[in-house]
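# Structural features, examined
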Amino acid sequence: MSRKEINYKQAIEKDNFMANILIVEDEKNMQNIISEYMHRGGHTCFTADDGVDALMLLKNNPMDLMILDIMMPHLDGFCVCKMVREISGLPIIMLTAKSDEEDKLKGYEYGADDYMTKPFSPKILLAKTNALLRRISVTSTDSESHAPGKMLSAGKITINPAAHKVYLDGTEITLTHKEYELLYFFLSNPEQVFSREQLLNRIWGYDFEGNTRTVDTHIKTLRQKLGGEGKSIVTLIRSGYKFEVAK
């Protein structure tokens, strides 16, 4: 058994999350298969046949994670992902029939957290789902362990770890889960240089199948959301990134 297969097997066996999962897939057979495996994992499933239905379900039901197909009628997965990211940091795993790297990077730029390329193993999708939920749970637990009222601040950026919220010049901004993790990590380790590989392993985990361009894409969108404060995330040629505190 390969290292990757062992990691997926351990993720299934170890995790026992009970989450509300929205499955957005217009192919009924695929939708049913994914739902069956998510139920086996102890999760509650909501299903949508297209992007419009998905947005309605999100509006009226609290969700913990979304599995989102790209090729759908009415609104494709990219449009749905972009619209969801305007209102929520909900974790998103995108499904695609394409293995093209640029297609995946486009999804990451819109805010996707992970990818599965069809055809795929439903068992591995369940393991990825559990692994992502686990990382979110660990981050939330770490945040709650901070003393009440203890904030992280740099320039006009303020993070309230207990509430899992980020403020820019006093106004709350919406970040994806991975963007939040990156910013929290940078503010917790100011002036330290991290390579792309270190950030990939720290934020996405060792079992993540993407490459270091994923880090670049997320930092690009994070900088955009931080406006003028985005310049604090400094790119170091051939070294990586660091968060530079203004003197």
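Everything here concerns the structure above.
First, a word on scope: everything that follows refers to the structure included in this document. Small disclaimer: the values here were computed from a predicted structure and weren't measured. (Residues numbered from 1 in each chain as written. Predicted model: local features only at pLDDT ≥ 70, side-chain atom pairs only at ≥ 80, totals over all residues. Heavy atoms only, no water.)

This part takes up the pattern of salt bridges. Taken as a whole and assessed by the stated rule, the structure comprises 12 salt bridges. With a shortest N-O distance of 3.0 Å, glutamate 25 and lysine 118 are connected by a salt bridge. With glutamate 25 in the loop between β1 (20-24) and α2 (28-40) and lysine 118 in the loop between β5 (114-117) and α6 (122-144), this residue pair connects regions lying 93 residues apart in the sequence. As a salt-bridge pair, glutamate 244 and lysine 242 come within 3.6 Å of each other at their nearest N and O atoms. Judged by its relative accessible area of 37%, glutamate 244 falls in the partly exposed class. Residue class for lysine 242 comes out buried when judged on its relative accessible area of 16%. Beyond isolated ion pairs, a larger network of salt bridges with shared partners links Glu25, Asp69 and Lys118. (Salt bridge = Lys/Arg side-chain N within 4 Å of Asp/Glu carboxyl O. Helix = DSSP H or I, 4+ residues; strand = E, 2+ residues; numbered from the N terminus. Buried < 20%, exposed > 50% of the residue type's maximum accessible area, 1.4 Å probe, protein only.)

Formed by 27 residues in total, the largest nonpolar core has its most connected members in Leu183 and Leu199. Broken down by secondary-structure element, the contributors of at least two residues to this core are β6 (152-154), β7 (157-160), β8 (165-168), α7 (177-188), α8 (196-204), α9 (213-226) and β11 (240-243). Aside from chain neighbours lying at most four places away, what touches leucine 183 is Ile157, Ile159, Val166, Leu175, Leu222, Leu226 and Phe243. If you look at the next biggest cluster of nonpolar residues, it comprises 21 residues, including Leu58, Val84, Ile92 and Tyr108. (Core = buried A, V, L, I, M, F, W, Y, C linked by side-chain atoms within 4.5 Å. Contact = heavy atoms within 4.5 Å.)

Turning next to helix α5 (residues 101-110). Of all the positions in α5, only Asp103, Leu105, Gly107 and Tyr108 are classed as buried. Structurally, α5 contributes buried residues whose contacts are with α4 (77-85), β4 (92-96), β5 and α9.

One pass over the full model with this rule turns up four aromatic pairs. Residues tyrosine 108 and tyrosine 115 carry aromatic rings whose centres are separated by 5.5 Å and whose planes lie at 80° to one another, so their mutual orientation is edge-to-face. In terms of burial, tyrosine 108 and tyrosine 115 fall into one category: buried. Their ring planes at 50° and their centres at 4.7 Å tell us that phenylalanine 185 and phenylalanine 194 sit as a pair that is tilted. (Phe/Tyr/Trp six-rings, centres within 6.5 Å; stacked < 30°, edge-to-face > 60°.)

All right, on to the environment of glutamate 86 then. Within the secondary structure layout, glutamate 86 lies in the loop between α4 and β4. It is 7.1 Å that separates the C-alpha atoms of glutamate 86 and threonine 174, two residues lying 88 residues apart in sequence.

For the rest of this paragraph, the subject is the environment of valine 52. One can find valine 52 in helix α3 (residues 51-60). Take valine 52: its relative accessible area is 40%, and that puts it in the partly exposed class. The sequence separation of valine 52 and valine 80 amounts to 28 residues, and the corresponding C-alpha distance is 8.1 Å. Contacts of valine 52, omitting those with residues within four sequence positions, involve His74 and Leu75.

Across a sheet, strands are paired by hydrogen bonds formed along the backbone, either parallel or antiparallel in direction. The strand order across the open sheet built from four strands is β6-β7-β8-β9, with neighbouring strands paired in antiparallel fashion. Each edge of the open sheet carries a strand with a single partner, namely β6 and β9 (171-173). Strand after strand, the sheet turns through a mean of 25° between neighbouring axes, direction not considered. As paired strands, β6 and β7 are joined by three bridges and run antiparallel to one another. By the bridge assignment, serine 153 is partnered in β7 with threonine 158. (Pairing = 2+ DSSP bridges. Axes fitted to C-alpha atoms, helices over the stretch in contact; angles between N-to-C directions.)

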